[in-house]
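The lines below spell out each chain.
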Amino acid sequence: MSTISMAHLTKTYGSLRAVDDVSIDVPSGSVFGLLGPNGAGKTTTFKCLLGLARPTSGRVSFDGAPLMAETFERIAYVPERSVLYEWMTAGEHLEMQRRSFSRFKPLRAKELMDLFSLDSRKRVRAMSKGMRTALAVVLAFSIEPEIMVLDEPTSGLDPINQRSVLRLIIQAAARGTTTVLSSHQIGQVERAADHIAVLRDGRVTLSGAVDDLKAGHKIVEGIFESDRFSLNGFASDARVVRVEKTGRILRLTVRSDGDEIARALSGMGALSVRVVDLNLEDIFLNAVDAGSPVDVVEGS
Amino acid sequence: MDQYVEFLRAKRALFIIAIVIGVIVAIAVAMRLYSLNGGTPGSWIDRIQYSPTAHVTKAQLPDGSERVVVDDPAKRTHAVIVRKGRSFVMDLTEPSGARTEHGTVSMGNFSVSSRVKNGVSHTVVSYQPLSFPLGWLFLFSLPIGLLAASLLGGPLAKENGGHLELAWTKPVSRDRYALSAIGIDSAAIAISQLAGIVGMLLCMVMFTVPKVVLTPPSGLQILLAFLGPFAWYAMLTGISASLRRVGLVVGLSWLFAPNILGVAQATAHSELAPIRLIHAIAQGVAYLDPIAYLSAHTNFIDVMPVGTSSSGNGVFTSLGPIVGVLFVLSLLYIAAAVVQWRRVEA
């Protein structure tokens, strides 16, 4: 069952379609990575999801019900930018959270403050970007939510604290927390997320379980005797994402049937053929780089 | 309480108000200490009455007052003091220099009349306890209330300025969020006014113990005292609810609101079309301006004791309708703020 469901979500600002017909289902208890380059529409999607922006069209539901004020008792949100009150101390932010959420756990909050070495007496205006991000993470995790929406939760953090945040996400997922995560650190998403969607220009260009995507996406590379070989229809093959021809080498990025395509290259006379696994970053880059459904690149 | 942030803002505003009141009280203390050097009529009477060489005769008069006659041959002074309750009249004759002068000085509830002739000074001091209508006390708290309202005005704009992601992801509806913030601020404005009244009473008792009396318009005056700053707060909140900054709104409001009435009056009799247009705009805006209702054609304080006031737009001439209009204006501004708050996006 999906905890979070977005159906045909569209958000326009004037003539700009910031989010364009996005449909995403986040399975209960999963970590869902929402990836995309800057301006792809990730933050706007989050805002529509949480009612911070009104969708132009489409529907959002949590456990099948529309978002209501009471739903926020179960949700924690870490926004992309600091929204903390500059004039308040970290301790006052925690007190605000304690008074707002019945699920707030003071001991957990203290543990997290210690984890990120935050001083509860320090005012936000005196904090670095990383400390502000850390405090936002503390506020989110201290209520032990059922649903977390994390928009760049490691932004500005040092590698040690980035790892701490990642560990917290994985621990929360182990307890059954449903998490939607956006990050430019693809490696972190690969470690934490079991499902992803890639946004480009407000549209979902790729989505699915990380394992399935990695199992399907391959690079099939064939080396020919000369550079005069035919593409043999690969440019229009639905399984092929990208075609790169560099001299005698033909490199095909495929979304499925890598072995079958490798056999086809052998049949075309390739001297050697190899199939290379892709990591999530490669899959992401292929998804956002593609200028057309099949991108043919020729080099010398 | 899901409005901890507004609670902290209110606390900070009250701290500023406390500093302002503290400064005023400190000035009053300094003035009182300065005035002690010159002595007061009360201490003057005591000095004469308890002089070791004085011969004092006391008598009860038929109207219940007490007459004290002091003769001090050594100092060649003669005084007749008639006391009734806390009021008194003292008629004092004592030697003086060779100068000749006479005059009368009135200062609040004291009146001193002196005449010096042929080396003899004849002074009459009278004191009537200060009678202070309760409504005045509250109306004098208006400036403090307006200051607090200006500090706290536009709480929704303050959230719009980069905190909506925090404010709107709490398990509370937007309406409740807005109304509870406004409720906290309203309480803080009222508390600041009460603190202002306490401060004013402190300043007064340093000089004299005022007698607070209940006069017929007191209830309306008290209502006006609280509604005035609240209406101002509501206006600032209503105007700024869709904006991300409230400082500019407060600044411009203070620039225009107190002056719009003057503009309307100054342009009232012009025949020039552009001036008449300005007059029409200013007159229209004055209907929406709480400060215009708190202003008057004549000195506001002067008209208070008789329970009437003329409003800035010249339509309402008594306190009752002014209070009613301010109440309705407040509700309209708050409703406008809540409607905008529902529609704002992060």
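Because the structure is predicted, anything quoted here is derived from the model rather than measured.

So, on to the overall build of chain A. Looking only at helices and strands, chain A has nine helices and 14 strands in total. Across the 300 residues that make up chain A, the buried fraction comes to 44%. A separation of at least 24 residues holds for 72% of the contacts in chain A among residues at least 6 apart in sequence.

With 18 residues of chain B in contact, the opposing surface of chain A contributes 22 residues. When contributions to the side of chain B that touches chain A are tallied by element, the ones reaching two or more residues are α1 (4-38) and α6 (164-167) of chain B. The residue makeup of the side of chain B that touches chain A, split by class, is ten nonpolar, four polar and four charged.

The next point concerns the domain arrangement of chain B. You can read the domains of chain B as domain 1 (4-30 + 131-343) and domain 2 (52-85 + 87-127). Relative to domain 2 of chain B, the C-alpha centre of domain 1 of chain B lies at a distance of 48 Å.

Residues and elements named next belong to chain B. At a minimum axis separation of 10 Å, helix α8 (residues 218-240) and helix α9 (residues 247-266) run at an interaxial angle of 130°. Here α8 is positioned oblique relative to α9, judged by the angle of their axes. The handedness of the crossing between α8 and α9 is right-handed. Between α8, through L236, I239 and S240, and α9, the contact on the second element is made entirely by V249, V250 and S253.

Let us now look at the nonpolar core. One finds L135, V138, A140, V149 and L181 of chain A together with A148 and L152 of chain B to be the most contacted residues of the largest nonpolar core, which totals 141 residues. The dominant element in this core, judged by the number of residues it contributes, is α8 of chain B, at 13 residues. Ignoring anything within four residues of it in the chain, the contact list for V138 of chain A reads A109, L112, M113, F116 and L118 of chain A. Formed by twelve residues, the second largest nonpolar core is a distinct cluster that contains V220, L252, A262 and L265 of chain A.

Let's shift gears to the domain arrangement of chain A. Interface size is often expressed as the accessible area that is lost when the parts come together. All names here are of chain A. Taken as a whole, chain A is organised into domain 1 (2-211) and domain 2 (217-299). In this complex, domain 1 contributes twelve residues to the contact, which on the side of domain 2 involves six residues. The set of elements that each furnish at least two residues to the side of domain 1 that touches domain 2 consists of α6 (186-192), β8 (195-200) and β9 (203-209). Looking at the side of domain 1 that touches domain 2 element by element, the count peaks at four residues for α6. Class assignment of the residues belonging to the side of domain 1 that touches domain 2 gives a composition of seven nonpolar, three polar and two charged.

Right, let's get into the sheet that holds β8 of chain A. All names here are of chain A. One open sheet accounts for six strands, arranged β5-β6-β7-β3-β8-β9; its pairing is mixed. Both edges of this open sheet fall to β5 (75-78) and β9, since each of them pairs with a single strand only. Here the average twist between neighbouring strands, direction ignored, is 10°. By the bridge criterion, four bridges tie strand β3 (residues 31-35) to β8 in an arrangement that is parallel. When the sheet's bridge partners are listed, L34 is paired in β8 with A197. Running at roughly 155° to strand β7 (residues 178-182), helix α5 (residues 159-174) makes contact with β3, β6 (147-151) and β7 of the sheet. Sheet contacts for helix α9 (residues 280-289): β3, β8 and β9; angle to β8, the most-contacted strand, approximately 30°.

Once that is clear, we can look at the pairing of β7 of chain A. All names here are of chain A. The element β7 is extensively covered by neighbouring structure, given that five of its five residues are classed as buried. Side chains T178, V180 and S182 project from β7 onto one buried face, and the interleaved T179 and L181 project onto a second face that is buried too. Two strands pair when backbone bridges link them, and β3 and β7 are joined in this way by four bridges, in the parallel orientation. Bridging across to β7, L34 finds its partner in S182. One ladder, built from five bridges, connects β6 with β7; its direction is parallel. Bridge pairing in β7 links D151 to S182.

Calculation criteria
Residues numbered from 1 in each chain as written. Chains lettered and ligands numbered in written order. Predicted model: local features only at pLDDT ≥ 70, side-chain atom pairs only at ≥ 80, totals over all residues. Helix = DSSP H or I, 4+ residues; strand = E, 2+ residues; numbered from the N terminus. Buried ≥ 20, exposed ≤ 12 C-beta atoms within 10 Å, placed from the backbone. Contact = placed C-beta atoms within 7 Å. Nonpolar A, V, L, I, M, F, W, Y, C, P; charged D, E, K, R; others polar. Domains from an automatic or database assignment. Axes fitted to C-alpha atoms, helices over the stretch in contact; angles between N-to-C directions. Parallel < 35°, antiparallel > 145°, perpendicular 65-115°, else oblique. Left-handed = near helix turned anticlockwise from the far one by under 90°. Core = buried A, V, L, I, M, F, W, Y, C linked by C-beta atoms within 7 Å. Pairing = 2+ DSSP bridges.

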